[in-house]
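One-letter residues, chain by chain:
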Amino acid sequence: MSKKTAISEELAKRVETSRMIGADKSLVLHGGGNTSVKLAEEDIFGQQREVLYVKGSGWDLETIEPQGFAPVWLEPLRRLAMLDGMTDTEMVNQLVTNLVNANAPVPSIETILHAILPYKYVDHTHADAILAITNTPRGRELIEELYGDDVVIIPYVMPGFDLAKLVAKEFPLRRTERTIGMVLLNHGIFSFGETAEESLQRMVDLVRRAQKFLRDRCGAWACVGATWEPTILDSVDVVKLRRSISLSAGGAVIMTRQDDTGVRSFLQRPDLHQIVTQGPVTPDHVIRTKRVPMVGTDVEKYTENYRRYFSEHVDSARDPKTMLDPAPRVVLDRRLGFWSIGRSARDAAIVSEIYRHTIDVIQQAEAIGGYQALPSEDIFDVEYWELEQAKLKKNSSSLPFAGEVALVTGAASGIGAATVAALRKLGAAVIGVDVNPVVEQVATGPDYLGICGNLTDQRAVSAAIERGIERFGGLDMLIMNAGVFPKGKPIDLLPLSDWCAVMDVNLDAAFDLMNKACPFLALAPRGGRVVVVGSKNVPAPGPGAAAYSASKAALTQLARVAALEWGKLGIRVNVVHPNAVFDTGIWTDEIIEARAQEYGLSVDAYKKRNLLQVEVTSNDVARLIAEMCSSTFWKVTGAQIPIDGGNDRVI
Ligand code: ZN
C-alpha cells in the first residue's frame, strides 16, 4: 500500500467516526466539537514530518468530508504551546501559516490542544451530560467521583492559546496509566485512542457514564408537567413581538416556536427567571443565544439590559463598537411559549436546537444541586472574541429578504413553485400552500414550510396562516397565485355550478386570504407586500373563458381596493398579468401542439407569439413578482404590470 493511500484510509476512518459523533445531538450541536488525527507525511524536500489533521472551522462534524480537516505541521504547533503568551489573533495567524495545504480551511481554535495531547486520535465534544454536571456548585467533585483516574480535569479557561498552554502544563503532570480522557469544566470532554474506533468508543463510554449518573440522581425530572395542555398560539401577539424584536435588531428576524412537555414544564418553573439569567451552559453558545434569554415580552427592557451588560464588561482595551445588535435570540414567555430568533430561518433553527438542549441541561443541573453558570466575565470574553473574529472576516452581504416571510399560494408547480424558489434565493423564508400534496416537497430546508390545504376551506386558510406564524413568526409578503383555468366553454353552455367553482377558487378564496392576512401584513417590520397574479385576460379577454376572465378581473379590482385601503397600513398591493406561460401544470405537450396546429404555427413559434417574440417562463414571472416585493418597488402600489412579451391588444 502506498503512503498516500494509507493516509487517505486513516483520514477516511477519521471522517467516519467524526460523523457518528456529529450525528448524536447529545454530544455536539451545530458546528460544535472537533476531532483530529496525527499522521506522518513527506514534505516537499522528502523529509518525514508529522501532520495534524484537525477539523476546519465552518465544517460541521455531522457532514464533514476529508477536505474539511485542515492539515497543519505538528512540530511548530507543539513549539507554540511552549511560548509564554500570545494573542488569540496571533494564534490563528500561526495556525494558518503552518498549514500544509494553502486551500485548507482555517484550523479549529482548539488546534493546539489537539496537537499537545500525545495520542493519534483525539475526539472532543460538548456533551450535554458533562455540561449538566459541571454547571453546578459541586461540579468538579462530582466529575472526580464519577470518573476517578480515568480523566484529567482542567478548570474552565476560555478556548484559545491560554487553555492550550494550561493543558500543555497540567496534562503531563496529571495523566496516569488509566487516563482515557479529559474533562474541561463548563466546556466539554476529550477522549483519545490509537485508532479512530478506540477514541470513539471511549467518548461514548465516558458520556454514557455521565448520563447514567444523571439518570440515577435526577429521577423523574423529565416527566414533570407532562399532563399540561399545549400552549395556544396567540398569533397577533406573536407577530407584534416579532415586529418589536425586528426593530431592535435593525432588520427583520425569523422567530420560530418549539413546544413540548419538557419546554412547558420548564416555563412553569417559579424560579425560571433566576435560573436562566445566570448564563448559557457553555460560552460556546453565547453568539447564537446571547448570554441570557428574554423572559417575558419587554423588548425595550431587554435591549437596555444588553447594552448595560456590554458597556459594563467592555474595558479600555476593547472597542465598545463591537457589539451584536441588542435584540434577544431566545424568548421564554409563560403565555407565548419558547421562541428562537435569527436573521434567517437557518439561524433561528440553530438557536432553537441549542436552547432546547440548554433547557434539559439546566433541568438536570437543577436536579443534582442547582444550576450555576460561569461568571458573566468568562462569557463576555468569548462573546467579544467571536465578534472581533467576525469583524475580520469579509462582511457577507445580507440578502434583500433576509429575515422576511412570504406566503405563496398555488406553490406546488408552475409560477407558484418558481416564486418559492425566487424568494428563497433572495433570503426569504417561504410558506407554500397548495391542494396538491407535492407542495410539501417543493423545497427543503429550515426556510420552507409546505402546507397541503384547500384555500376554499376557511379553516384551512386560518390554519395555514397560524402554522406559518408558529414556524417563522410573521408574514411580510403574500403572493396570490392559486387559480384554476377550466376548459373553454361559451357562456350559453356554461353551467352556473362551473362558474361558481371558478369564482370559489380564483376570487372568494383569495378574498378570504387577504381578509385574514391583513392584520399580520400590517405588522411587517419593513411594510407588507401583496402581489396578485392576474392575467392577460383582464385587459384582453378571450372567448370561451368567461368565468376565468371575470374572476381575474374581479380579483384585480379587489387588489386595487386593497391598495386604496391598505396604503395607510404600509401594505403595497400590485398585480402582474402574465400570458402564455407554458411551463405550468395546465399545459401539456399535447395541448400545446394542438393549439399550435390550430394557429398553423410550429410549437416554438406558437410559444413566442408576442411582439418581442420571446417565450415567457414561470421563472420570468417569478422574478418579476420577487422584484415587486423588493425595494425597487418601495413606492409603488396599485400598479398592474403585464408580463407577456408584449401584446398588441394589451398595449
Ligand atoms: Zn470545545
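All of the points below concern the structure found in this document. Quick caveat: nothing in here was measured; it's all calculated off a predicted structure. (Residues numbered from 1 in each chain as written. Predicted model: local features only at pLDDT ≥ 70, side-chain atom pairs only at ≥ 80, totals over all residues. Heavy atoms only, no water.)

So, the packing of aromatic side chains
With the rule as written, the count across this model stands at 14 aromatic pairs. Centre to centre, the rings of Tyr 306 and Phe 310 are 6.2 Å apart; their planes meet at 45 degrees, and the pair counts as tilted. Here Tyr 306 and its partner Phe 310 are both found in helix H13 (residues 299–313), 4 residues apart, which amounts to about one turn of the helix. Of the two residues, Tyr 306 and Phe 310, both sit in the buried class. Pairing Phe 582 with Tyr 606 gives two aromatic rings, centres 5.4 Å apart and planes at 45 degrees, and the pair type is tilted. Remark: Tyr 606 occurs in helix H21 (residues 603–607) and Phe 582 occurs in the loop between strand E17 (572–578) and helix H20 (589–598); sequence separation between them is 24 residues. For the residue pair Phe 582 and Tyr 606, the accessibility class agrees, reading buried in each case. (Phe/Tyr/Trp six-rings, centres within 6.5 Å; stacked < 30°, edge-to-face > 60°. Helix = DSSP H or I, 4+ residues; strand = E, 2+ residues; numbered from the N terminus. Buried < 20%, exposed > 50% of the residue type's maximum accessible area, 1.4 Å probe, protein only.)

Concerning helix H17 (residues 458–472)
Counted at 1.5 Å a residue, the expected span for H17 with its 15 residues is 21 Å, and the 21 Å between its end C-alpha atoms agrees. Restricting attention to buried positions, one finds in H17 the residues Ala 460, Val 461, Ala 464, Ile 465, Gly 468, Ile 469 and Phe 472. Sitting at the head of H17, Asp 457 places a side-chain oxygen 3.0 Å from the backbone nitrogen of Arg 459. (Expected span 1.5 Å × (residues − 1). Polar contact = N/O pair within 3.5 Å; in protein donor to acceptor, adjacent residues only side chain to side chain.)

Observations concerning the coordination of the zinc ion
Distances from the zinc ion to its protein donors, namely Glu 110 (OE), His 124 (NE2), His 126 (NE2) and His 187 (NE2), fall within the range 2.1 to 2.4 Å. With a relative accessible area of 6%, Glu 110 lands in the buried category. Judged by relative accessible area, which is 3%, His 187 ranks as buried. (Donors = N, O, S within 2.8 Å, 3.2 Å for Na, K, Ca; no water.)

Remarks on the pairing of strand E3 (residues 69–73)
Across the 5 residues that make up E3, a large majority, 5, are buried. A two-sided burial pattern is seen for E3, the buried positions comprising Phe 69, Pro 71 and Trp 73 on one face and Ala 70 and Val 72 on the other. The pairing of strand E2 (residues 48–55) with E3 spans 5 bridges and is antiparallel. Of the residues in E3, the one forming a bridge with Leu 52 is Val 72. (Pairing = 2+ DSSP bridges.)

Notes on helix H6 (residues 139–147)
Looking only at H6, the buried set comprises Gly 139, Leu 142, Ile 143, Leu 146 and Tyr 147. Down the axis, H6 shows its buried residues gathered within 110 degrees of arc, on one side only. Turning to H6, the residues buried within the fold contact helix H5 (128–134), strand E5 (151–154), strand E6 (181–184), strand E7 (188–193) and helix H8 (196–218). Gly 148 lies just past H6 and shows a positive phi near 55 degrees. (Arc of directions from axis to C-beta. Contact = heavy atoms within 4.5 Å.)

A few points about the sheet that holds strand E10 (residues 330–333)
Taken in spatial order, the 4 strands make up an open sheet running E8-E11-E10-E9, and their pairing is mixed. Edge strands, defined here as strands with exactly one partner in the open sheet, are strand E8 (254–258) and strand E9 (294–295). The sheet contacts of helix H9 (residues 235–249) involve E8, E9, E10 and strand E11 (337–342), and relative to E8 the element is tilted by about 135 degrees. Set on the sheet, H17 makes contact with E8 and E11; between it and E8 the angle comes to about 100 degrees. (Axes fitted to C-alpha atoms, helices over the stretch in contact; angles between N-to-C directions.)

A look at the sheet that holds strand E18 (residues 640–643)
Strands belonging to one sheet form pairs held by backbone hydrogen bonds; the direction of such a pair is parallel or antiparallel. The 7 strands lie next to each other as E14-E13-E12-E15-E16-E17-E18, forming an open sheet whose pairing is parallel. Each of the sheet's edge strands pairs with one partner strand only, and the pair in question is strand E14 (448–452) and E18. Pairs of neighbouring strands in the sheet enclose a mean axial angle of 15 degrees, with direction left out of account. As paired elements, E17 and E18 share 4 bridges and run parallel to each other. Of the residues in E18, the one forming a bridge with Pro 578 is Ile 643. In this fold helix H22 (residues 618–629) packs onto strand E15 (477–480), strand E16 (529–533), E17 and E18, with an angle of close to 165 degrees to the strand it touches most, E17.

Everything listed here is a matter of coordinates, which is why it stays silent on function.
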